[in-house]
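Chain and residue survey
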Amino acid sequence: MAVAPDDQVLEIGCGRGAAVSLVAGQLTTGRIVAIDRATTMVRLATERNLSHIDAGRAEIRRAGFESADLPTGHFTKIFAVNVSLFWLGDAAQQIARMRSLLAPGGRLYVFGERPTEAHATANLTATELLLETHGFATTTSSATRGQGRVLTCVTGTPIR
Ligand SMILES: C[S@@+](CC[C@H](N)C(=O)[O-])C[C@H]1O[C@@H](n2cnc3c(N)ncnc32)[C@H](O)[C@@H]1O
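What comes next is a walk through the structure. (Residues numbered from 1 in each chain as written. Predicted model: local features only at pLDDT ≥ 70, side-chain atom pairs only at ≥ 80, totals over all residues. Heavy atoms only, no water.)

**Points about the overall build of the chain**
Formally: Elements are defined by DSSP. Helices are runs of H or I of four residues or more, strands are runs of E of two residues or more, and each kind is numbered from the N terminus. Both definitions apply: the radius of gyration is a C-alpha atom measure, and the globule rule equals 2.2 Å times residues to the power 0.38. Under the scheme applied here, a residue whose accessible area is under 20% of the maximum for its type counts as buried, over 50% as exposed, and between as partly exposed, the area being computed with a 1.4 Å probe on protein chains only. All accessible-area figures derive from a Shrake-Rupley calculation using a 1.4 Å probe, and residue coverage is judged against the displayed protein chains alone. By the counting rule applied here, Lys and Arg register as positive and Asp and Glu as negative, while His and the ends of each chain are not counted. Every charge is mapped onto a representative atom, which is NZ of Lys, CZ of Arg, CG of Asp or CD of Glu.
Helix and strand counts for the chain come out as five helices and seven strands. Here the chain has a C-alpha radius of gyration of 15 Å; the compact-globule value for 160 residues is 15 Å, and the two agree. Taken along the three principal axes of its C-alpha coordinates, the chain extends 40 × 40 × 30 Å. Within the chain, the proportion of its 160 residues that are buried is 42%. Surface summary for the chain: the accessible area is close to 7,900 Å², and the carbon and sulfur share equals 53%. Across the chain, the mean location of the 16 positive side-chain charges is 1 Å away from that of the 14 negative side-chain charges.

**A word on unusual backbone geometry**
One non-glycine residue, Ala2, lies in the positive phi region at around 50 degrees. Phi at Gln147 is positive, roughly 55 degrees, even though this residue is not glycine. Within the secondary structure, Gln147 sits in the loop between strand S6 (136-144) and strand S7 (150-158). The exposed category is assigned to Gln147, whose relative accessible area is 80%.

**Section: the packing of aromatic side chains**
The test is simple: Two aromatic rings, drawn from Phe, Tyr or Trp (for Trp, its six-membered ring), form a pair once their centres lie within 6.5 Å of each other, and the interplanar angle then sorts them: stacked below 30 degrees, edge-to-face above 60, tilted otherwise. For a Lys NZ or an Arg CZ to count as sitting over a ring, it must be within 6 Å of the ring centre and within 35 degrees of the ring normal.
All chains considered together, the criterion is met by one aromatic pair. A ring pair is formed by Phe79 and Phe111, whose centres lie 6.3 Å apart and whose planes are at 90 degrees; its orientation type is edge-to-face. Here Phe79 is found in strand S4 (residues 75-81), whereas its partner Phe111 is found in strand S5 (residues 102-114), with 32 residues between them in sequence. Of the two residues examined, Phe79 and Phe111, each falls in the buried class. Residue placement shows Arg97 over the ring face of Phe65; its charged tip is 5.1 Å from the ring centre.

**Comments concerning the pairing of S4**
Formally: Pairing between two strands requires that DSSP report at least two bridges joining them.
By the criterion of burial, S4 is predominantly enclosed, with five of the seven residues buried. Of the strand pairs in this sheet, S4 and S5 are connected by six bridges, and their pairing is parallel. Pairing of Ala80 across the sheet is with Val110, part of S5.

**Considerations on the pattern of salt bridges**
Any two side chains of opposite charge can pair, given that their charged atoms come close. Rules: The salt bridge definition used is simple: a Lys or Arg side-chain nitrogen within 4 Å of an Asp or Glu carboxyl oxygen.
Inspection of every chain in the model, using the stated rule, returns six salt bridges. When the shortest N-O distance is used, the salt bridge between Arg61 and Glu59 registers 2.7 Å. Residue Glu59 is classed as partly exposed on the basis of its relative accessible area, which comes to 22%. Between Glu113 and Arg149 there is a salt bridge, with its nearest N and O atoms 3.7 Å apart. With a gap of 36 residues between them, Glu113 in strand S5 and Arg149 in the loop between S6 and S7 connect regions that are remote in the sequence.

**Details of the sheet that holds S4**
Under the convention used in this document: A fitted line through C-alpha atoms serves as each axis, taken over the contacting stretch for helices, and the angle formed by two N-to-C directions is quoted from 0 to 180°. Working rule for contacts: check all heavy atoms of both residues, and any pair within 4.5 Å makes them a contact.
Strand order across the open sheet formed by seven strands is S3-S2-S1-S4-S5-S7-S6, with mixed pairing between neighbours. A strand with exactly one partner marks an edge of an open sheet, and here the two such strands are strand S3 (58-62) and S6. If you compare each strand with its neighbour and ignore which way they point, the axes differ by 15 degrees on average. Across nine bridges, the pairing between S6 and S7 is antiparallel. Residue pairing in the sheet places Thr139 in a bridge with Thr155 of S7. Here helix H4 (residues 91-101) sits on the sheet and contacts strand S1 (8-12), S4, S5, S6 and S7; the angle it forms with S5, its principal contact strand, is near 135 degrees. The strands touched by helix H5 (residues 117-133) within the sheet are S5, S6 and S7, with S7 carrying the most contacts at an inclination of about 10 degrees.

In structure tokens:
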């Protein structure tokens, strides 16, 4: 994601907050807002990121993306890792909302971890199609991790 020190980042479905730590560690004047609808995950992510929260670089909230109170046109980067939101019935509506939350020039990053190359390729293809259908230009990348698992990322830039 090439996080810049002044990025305004939104993570959807932060889970235990591992990515919050990585992103917040790159920020100076920027900030990450991370949401998760599960109370337990918010507690774990908060405990893990207390120093970033105290420094004003991170905010972790319990909220479902569908109803979260978030500023329009604000975020330079929005990302999610292994969040099923993209594959549910109202994905179109939620992706439109993500677009509206992006600042001009902002980007959406959809990460997914899959057990095999074949699963990863299928996931990349489906995610690309989804974002392109909703007005994003896409690029893809992937990396093999431990035990042959593949981490994929589709980056979306709004085009219209
Ligand atoms: C499989 S976990 C992944 C957690 C973390 N991103 C990771 O990679 O370790 C998916 C997380 O997304 C959250 N989640 C799923 N749909 C959500 C939504 N619509 N709004 C907010 N959080 C959501 C779940 O509560 C869960 O913590």
